[in-house]
Amino acid sequence: MTLPILLACLAGVLVGISRQVNGRLSLSTSPLIASFWNHVVGFGALTILGLSIGGLIPAGAADAPWHAYLGGSIGVVFVAAGSWLVARIGAVNTALLVIGGQMVSGVALDLLQGVSAGLLASVLGVALILAGMALTQRRR
Amino acid sequence: MTSPSGHRLNPLHLLAAFGTGGLLTLMVHFNGELGRYGNALFSSWAAHGTGTVAALVLLAVLFPWRARNAGVKPRAPLWAYLGGISGAVTVMLTSFAVNSPLALSGTLALGLMGQVVFSIVADRWGLFGLPARRPDRRDLAAMALIVAGSALIILFGRGNA
């Protein structure tokens, strides 16, 4: 159980490292160019991994609806935006506000799909996140 | 070079970051669907491949605008091109953790913790060539509220469903 816990924490750290490194690259190039390199290098690394362990292109892949393939294009804008932001508002602000946006939009997506499990906790959580965002806007 | 973040956050930056989180929800949704037809590795591989093509198309479309704005910038160190490796490893770690007893909610909660701790350290010492920043009390209070709200949603709200 200790190993999964460590690896799950490490995954979060790697998300931060990736954004920090791409942010540094965007300073010398542009956020979109940083996002391009992020995707090319990631694609290369995953190709090598897939070819060495096998199962890179599974049988069911052809049955997936076309919209399931939209994630990559959205990811390009996501990485570019993160690179642009981290160089301007810092790692903490970027991480927290992106997480906040992910949480609130996730709850909204659930409601749109008619999922209402854990609704009370979700609504309370959204309220806390919005309060935190409002706090960043208060003048001192 | 530590700059206190004394003034309030630019509302444009705040909205951009919040909207970026919305993009992440959509991305996870689509990549998750692709993963169910194939597997996590294929989903990430395909997303990086289609993303590379999408980035090239966007760069081509935006080229005239970029050419006008191009200025002299300091060269990037070689390691700055390797952010994608970190992203690729994240996919593997996450798919491993989700299938462990941690499940999705535990993986998300611990990932959130890892991100928050790293971002504090990164800002404090300006890691990887970005400016160092020192949080003030208001920043810390905002952080506590957003972390608490996210933890509630992950552990007792949607993540737990």
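Thresholds applied
Residues numbered from 1 in each chain as written. Chains lettered and ligands numbered in written order. Predicted model: local features only at pLDDT ≥ 70, side-chain atom pairs only at ≥ 80, totals over all residues. Heavy atoms only, no water. Axes fitted to C-alpha atoms, helices over the stretch in contact; angles between N-to-C directions. Helix = DSSP H or I, 4+ residues; strand = E, 2+ residues; numbered from the N terminus. Parallel < 35°, antiparallel > 145°, perpendicular 65-115°, else oblique. Left-handed = near helix turned anticlockwise from the far one by under 90°. Contact = heavy atoms within 4.5 Å. Nonpolar A, V, L, I, M, F, W, Y, C, P; charged D, E, K, R; others polar. UniProt positions renumbered as here; feature names shortened; annotations may be inferred. Buried area = accessible area lost by both parts, 1.4 Å probe. Salt bridge = Lys/Arg side-chain N within 4 Å of Asp/Glu carboxyl O. Polar contact = N/O pair within 3.5 Å; in protein donor to acceptor, adjacent residues only side chain to side chain.

Draft legend 1. Main features of the packing of helix H1 (residues 2-28) of chain A against helix H3 (residues 71-112) of chain A. Residue and element names in this part refer to chain A. Direction vectors running N to C along H1 and H3 enclose 125 degrees, while the axes themselves pass 8 Å from each other. When the interaxial angle is binned, H1 and H3 end up oblique. Taken as a pair, H1 and H3 cross one another with a handedness that is left-handed. Seen from H1, the contacting residues are Arg19, Gln20, Asn22, Gly23, Ser26 and Leu27; seen from H3, they are Phe78, Val79, Gly82, Ser83, Val86, Ala87, Ala91, Thr94, Ala95 and Val98. Class assignment of the residues belonging to the contact of H1 with H3 gives a composition of eight nonpolar, seven polar and one charged.

Draft legend 2. Summary view of the UniProt feature "transmembrane region" (unreviewed entry) in chain A. Residue and element names in this part refer to chain A. In the numbering adopted here, UniProt assigns the feature "transmembrane region" (unreviewed entry) to residues 36-57, 69-91 and 111-135. Along residues 36-57 one finds 82% helix and 0% strand; the C-alpha atoms at either end are 23 Å apart. Along residues 111-135 one finds 76% helix and 0% strand; the C-alpha atoms at either end are 26 Å apart.

Draft legend 3. Region of interest: the interface of chain A and chain B. Chain A puts 110 residues into the contact, and the matching count from chain B is 106 residues. Summed over both partners, the interface of chain A with chain B buries about 9800 Å², with 76% contributed by carbon and sulfur atoms. In this assembly, chain A and chain B are joined by zero salt bridges. On the surface where chain A and chain B come into contact, there are 18 residue pairs in polar contact (both at pLDDT 80 or more). Mapped onto the side of chain A that touches chain B, the elements with two or more residues apiece are H1, helix H2 (31-53), H3 and helix H4 (119-136) of chain A. Considering every element that reaches the side of chain A that touches chain B, the biggest residue donor is H3(A), with 34 residues. Across the side of chain A that touches chain B, the residue classes tally to 67 nonpolar, 35 polar and eight charged.

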